[in-house]
Structures are given as structure tokens and as C-alpha cells.
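Coordinate analysis (summary)
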Amino acid sequence: MENANWKFSGNIVQEFDNHILSSVPLYEQGHTLISNLSDFFLSNDSVCYELGCSTGTLLKKIADHNQNKKIKFIGVEIESDMVNYANDKLKDYENIEIICDDILSMDLQKSDMIISYYTIQFIKPRVRQIIFDKIYESLNWGGAFLLFEKVRGADARFQDILTALYTDFKIEKGFTKEEILDKTRSLKGILEPFSTQGNLDLLHRAGFVDIMSIMKYVCFEGFLAIK
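Residues numbered from 1 in each chain as written. Predicted model: local features only at pLDDT ≥ 70, side-chain atom pairs only at ≥ 80, totals over all residues. Heavy atoms only, no water.

1. With respect to the overall build of the chain
- Summing up its helical and strand segments, the chain has eight helices and seven strands in all.
- Computed over its C-alpha atoms, the radius of gyration of the chain comes to 17 Å, within 12% of the 17 Å expected for a compact globule of 227 residues.
- Based on the C-alpha atoms only, the size of the chain along its principal axes is roughly 50 × 40 × 30 Å.
- Burial status across the chain gives 47% buried among its 227 residues.
- Pairs at least 24 apart in sequence give 78% of the contacts found in the chain among residues at least 6 apart.
- Accessible surface, the chain: about 11500 Å² in total, of which carbon and sulfur atoms supply 51%.
- If the 25 positive side-chain charges of the chain are averaged to one point and the 33 negative ones to another, these points end up 3 Å apart. (Helix = DSSP H or I, 4+ residues; strand = E, 2+ residues; numbered from the N terminus. Rg over C-alpha atoms; globule rule 2.2 N^0.38 Å. Buried < 20%, exposed > 50% of the residue type's maximum accessible area, 1.4 Å probe, protein only. Contact = heavy atoms within 4.5 Å. Areas by Shrake-Rupley, 256 points an atom, 1.4 Å probe, with all protein chains shown as cover. Lys, Arg positive; Asp, Glu negative; His and termini not counted. Charge placed at Lys NZ, Arg CZ, Asp CG, Glu CD.)

Next up, the structure:
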């Protein structure tokens with residue numbers, strides 16, 4: 001891993017699911033929670049997006065959960081290696097489409113649920129509001145935006161605590177101190193989390209009023225925003 005040069009392509013694709021399970025607390029539980037929440041928002045003829053769908057694991061889980069409904073699932077992923085891997089994995093799912101595109105330049109269909117699962121944190125802060133605005137406009141009235149993000153502490157003291165606890169978590173998962181340091185250096189300028197309040201501000205400016213935190217573990221948080 002090179003300094004300030006983390007990539008979601010190449011060799012990482014094959015090992016992505018295993019790597020992320022060891023890196024993000026409650027990762028699988030978040031998938032299950034989103035699948036269960038889909039009962040409240042997805043019905044026949046609904047459209048559901050996942051922005052930054054990586055290998056398509058979450059979309060597959062939601063599609064399996066809703067197999068008795070006629071729903072169109074669209075995964076958007078900017079890394080072609082991830083898209084090829086996901087399309088191969090999901091080739092038997094006629095209702096899932098994985099497209100290689102940039103959310104900033106594409107048009108979104110009207111939809112009932114949009115998911116961003118630890119994706120926005122990798123997008124430059126200067127364009128995040130544009131993406132949130134686009135998500136809000138795409139959703140039908142009563143539709144849901146599920147946003148999961150790594151979050152920063154509200155001040156320096158809390159941030160120090162969060163960093164120390166997350167480091168302990170990774171060590172307990174088997175990462176060496178060298179691997180942790182290398183990963184941290186590779187993510188400089190690439191992973192740029194906002195605080196809880198920073199994410200809430202983006203949601204409010206986009207037009208969301210009804211917002212609830214639905215999962216939180218140290219510096220990882222999930223939000224449900226309903227239009």
C-alpha cells in the first residue's frame with residue numbers, strides 16, 4: 001500500500017469482502033439491518049440503488065430478502081474491476097444491474113430506496129452536497145436514504161478516543177501494527193470522514209427532515225433519512 005494512494009481495484013477486489021469484514025465493526029449486521037428495513041420501503045415495481053456497490057454483496061442480500069417482489073436493483077460503482085467481479089457474481093440475478101459510472105455525472109431514476117454503505121467518505125468533500133441533493137431529488141416521497149459512514153469525533157478529545165478504540169479493534173482482528181500504519185498512510189487524502197453533525201448537515205441541506213441514527217459503533221454510524 002503506497003502513501004496516500006489507496007485504490008479499490010486490482011488485487012484488492014478478490015479479497016475485498018474478507019478484508020472489509022475484518023476492518024469495519026458490525027459490517028454484516030449492517031447488511032442485515034438494511035435488508036430488514038427494505039420491508040418498509042420496497043414494494044412491487046420499486047427501484048433501489050446502491051451507490052458504491054463494490055462486489056455487490058449487499059445488493060444480493062437485499063434481493064434475496066425481497067425475492068417475492070418485483071424490484072429493480074441498480075448498483076453504481078466507479079471501479080471497473082469491482083463491476084466486472086460483481087456482474088460475474090450476480091449473473092443469475094435478472095433484477096440486479098451493476099453499472100460502471102460516476103454518480104456525479106449520471107442521472108438517477110425515481111426510486112424508493114438509495115443506499116450508500118461506507119462510500120461517501122471516499123468522495124471529495126467539495127462535491128458531497130451535490131450528491132446528497134441528487135439523492136434527495138431521485139427519491140419518491142416517503143423513500144429512504146440509508147447512509148453508513150465512518151465518522152469523526154465532535155472534538156479532539158473524542159477523536160483521540162475513537163482512534164485508539166478503532167486501533168484496538170483492528171489489532172484484535174489480527175492486523176499487525178505495520179499493516180495498520182500502512183493502511184492509515186495509504187488512506188491520507190482519500191478517506192475523509194465527516195462528524196455525525198457534518199453528515200446531518202449534508203442531509204438537512206439536501207432537504208431531509210426525518211432523520212434517525214440506526215446503528216453506531218465507536219466511529220461507525222448508520223443513518224436513516226426519509227423524504
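There is more to say, and it comes next.
2. Considering the state of the cysteines
- Here the structure, examined in full by the defined rule, presents zero disulfides.
- Cys53 supplies the cysteine sulfur nearest to Cys100, a cysteine that is in no disulfide, at a spacing of 9.6 Å.
- The class for Cys100 is partly exposed, based on a relative accessible area of 44%. (Disulfide = S-S within 2.5 Å.)

3. Digging into the pattern of salt bridges
- Following the criterion strictly, the structure yields five salt bridges and no others.
- Notably, a salt bridge pairs Asp64 with Lys60, separated by 3.3 Å at the nearest N-O pair. In this pair, Asp64 and Lys60 are both assigned in helix α3 (residues 57-65), four residues apart and thus about one turn of the helix distant.
- Take Lys60: its relative accessible area is 30%, and that puts it in the partly exposed class.
- A salt bridge links Lys216 to Glu221, with the nearest nitrogen and oxygen atoms 3.8 Å apart.
- On the basis of relative accessibility, which here comes to 45%, the residue Lys216 falls in the partly exposed class. (Salt bridge = Lys/Arg side-chain N within 4 Å of Asp/Glu carboxyl O.)

4. Topic: helix α4 (residues 80-89)
- For α4, the full list of buried residues reads Met82, Val83 and Ala86. Looking straight down α4, one finds that the buried residues subtend no more than 100° of arc, so they occupy a single side.
- For α4, the elements touching its buried residues are α1 (12-23), β2 (72-77) and β3 (96-100). (Arc of directions from axis to C-beta.)

5. Observations concerning the packing of aromatic side chains
- Evaluated as defined, the whole model comprises twelve aromatic pairs.
- When the ring of Phe132 is compared with that of Phe145, the centres are 5.6 Å apart and the planes differ by 85°; the resulting orientation is edge-to-face. On the criterion of sequence distance, the pair formed by Phe132 in helix α5 (residues 125-138) and Phe145 in strand β5 (residues 139-150) is long-range, its members being 13 residues apart. The pair Phe132 / Phe145 is uniform in exposure class, with both members buried.
- With a centroid separation of 4.9 Å and 90° between ring planes, the pair formed by Tyr136 and Phe208 is classed as edge-to-face. Here Tyr136 is found in helix α5, whereas its partner Phe208 is found in the loop between α8 (196-206) and β6 (210-217), with 72 residues between them in sequence. Phe208 carries the same exposure label as Tyr136, and that label is buried.
- By the ring-pair criterion, three or more aromatic residues cluster together here, those being Tyr27, Tyr117, Tyr118, Phe148, Tyr166, Phe169, Tyr217 and Phe220.
- Just above the ring of Phe194 sits the side chain of Arg128; from NZ or CZ to the centre is 4.4 Å.
- Between Arg157 and the ring centre of Phe158, over which it is positioned, the NZ or CZ distance is 5.3 Å. (Phe/Tyr/Trp six-rings, centres within 6.5 Å; stacked < 30°, edge-to-face > 60°. Lys NZ or Arg CZ within 6 Å of the ring centre and 35° of its normal.)

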